[in-house]
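The residues making up each chain are set out below.
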Amino acid sequence: QVQLVESGGGLVQAGGSLRLSCAASGRIRSVNHMGWYRQAPGKQRELVASVTNANTTTYTDSVKGRFTISRDNAKNTVYLQMNKLQPEDTAVYYCSARVLPYELIWRDYWGQGTQVTVSS
C-alpha cells in the first residue's frame with residue numbers, strides 16, 4: 001500500500017519561510033512526477049508546483065520567485081521551500097505523486113495535507 005505523508009506546515013509571520021516535505025512509502029517500483037497543491041477555505045484546490053523525474057519544474061504565477069520545488073528520488077521525497085510567505089498563501093497543502101506500485105498500475109496518490117498559516 002502506497003502512502004504519502006506531508007510534514008513541515010505550521011504558523012509563520014508574513015515574510016517568513018517554511019519547508020514542506022512529502023515522503024512516499026510502500027511497495028513502490030517507480031515514482032514519476034510529484035507536485036504540491038493547496039486549498040484555502042472556500043476556494044478550489046489549485047496546483048502550486050510540480051517537478052518531473054528530469055527535475056523540470058513548474059509553478060503557478062502567484063508563487064514564482066518565492067517557492068522552490070525539489071525532489072530526492074532515492075528517498076521518494078518531494079520538498080517545497082516557501083519563502084516570503086504572505087497571508088494569501090494560507091491553505092492546506094497537499095502532496096501528490098504519480099506512482100507505479102508493485103502491482104504495475106500507475107496511479108495518482110495524495111497525502112493527507114498539512115496546514116500552512118501565514119499571519120499578517
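Residues numbered from 1 in each chain as written. Predicted model: local features only at pLDDT ≥ 70, side-chain atom pairs only at ≥ 80, totals over all residues. Heavy atoms only, no water.

## Looking at the overall build of the protein
Which entries qualify depends on this criterion: We count a stretch as a helix when DSSP gives it H or I for four or more residues in a row; a strand needs E for two or more, and each element gets its number in order from the N terminus. Here the globule rule is a power law, 2.2 Å times the number of residues to the power 0.38, and the radius of gyration is based on C-alpha atoms. Only heavy atoms matter for contacts: two residues are in contact if any of them lie within 4.5 Å across the pair. For accessible areas, the Shrake-Rupley method is used with a probe of radius 1.4 Å. Any residue's cover is judged against the shown protein chains and nothing else.
Per the secondary structure count, the protein includes 0 helices and 11 strands. Against the globule reference of 14 Å for 120 residues, the protein gives a C-alpha radius of gyration of 14 Å, in line with a compact fold. When contacts within the protein are restricted to residue pairs at least 6 apart in sequence, those whose partners lie at least 24 apart make up 57%. Carbon and sulfur atoms provide 46% of the accessible area of the protein, an area that totals close to 6,500 Å².

## Re the nonpolar core
The line we're drawing: What is meant by a nonpolar core is a set of buried Ala, Val, Leu, Ile, Met, Phe, Trp, Tyr and Cys residues, joined one to another through side-chain atoms within 4.5 Å. Partly exposed describes any residue whose relative accessible area lies between the buried limit of under 20% and the exposed limit of over 50%, with all areas from a 1.4 Å probe on protein chains only and scaled to the type maximum.
Trp-36, Val-48, Phe-67, Val-78, Leu-80, Met-82 and Tyr-93 are the most contacted members of the largest nonpolar core, which has 30 residues in total. Secondary structure elements with two or more residues in this core: strand E3 (18-25), strand E4 (28-39), strand E5 (46-51), strand E7 (67-72), strand E8 (77-82), strand E9 (91-101) and strand E11 (114-119). Each residue touching Met-82, except ones within four places of it in the same chain, is listed here: Gly-16, Ser-17, Leu-18, Leu-20, Arg-66, Phe-67, Tyr-93 and Val-116.

## Brief notes about the environment of Gly-42
Tracing the backbone through its elements, the reader meets Gly-42 in the loop between E4 and E5. Here Gly-42 falls in the exposed class, since its relative accessible area comes to 89%. Here the alpha-carbon distance between Gly-42 and Asp-61, two residues 19 residues apart in the chain, equals 20 Å.

## Concerning the packing of aromatic side chains
Aromatic ring pairs: the centre-centre distance and the angle between the two ring planes describe each pair. Spelled out, the test is: Here a pair means two rings of Phe, Tyr or Trp (six-membered ring of Trp) with centres within 6.5 Å. Their orientation is stacked below 30 degrees between planes, edge-to-face above 60, and tilted elsewhere. Put simply, a charge is over a ring when the Lys NZ or the Arg CZ is close to the ring centre, within 6 Å, and near the line of the ring normal, within 35 degrees.
Applying the stated criterion across every chain, the model contains 1 aromatic pair. A centroid spacing of 4.8 Å and a plane angle of 55° characterise the contact between Tyr-37 and Trp-110, whose relative ring orientation is tilted. Taken as a pair, Tyr-37 in strand E4 and Trp-110 in strand E10 (residues 107-110) lie far apart in primary sequence, 73 residues in all. Above the face of the Tyr-102 ring, Arg-29 is positioned so that its terminal group lies 4.7 Å from the ring centre. If you follow Arg-45 out to its NZ or CZ, it ends over the ring of Trp-110, 4.9 Å from the centre.

## Some details on the side chain of Thr-114
With respect to the element layout, Thr-114 can be found in strand E11. When neighbours within four sequence positions are excluded, Thr-114 is seen to be in contact with Glu-6, Ser-7, Gly-8, Gly-9, Leu-20, Ala-91, Val-92 and Tyr-93.

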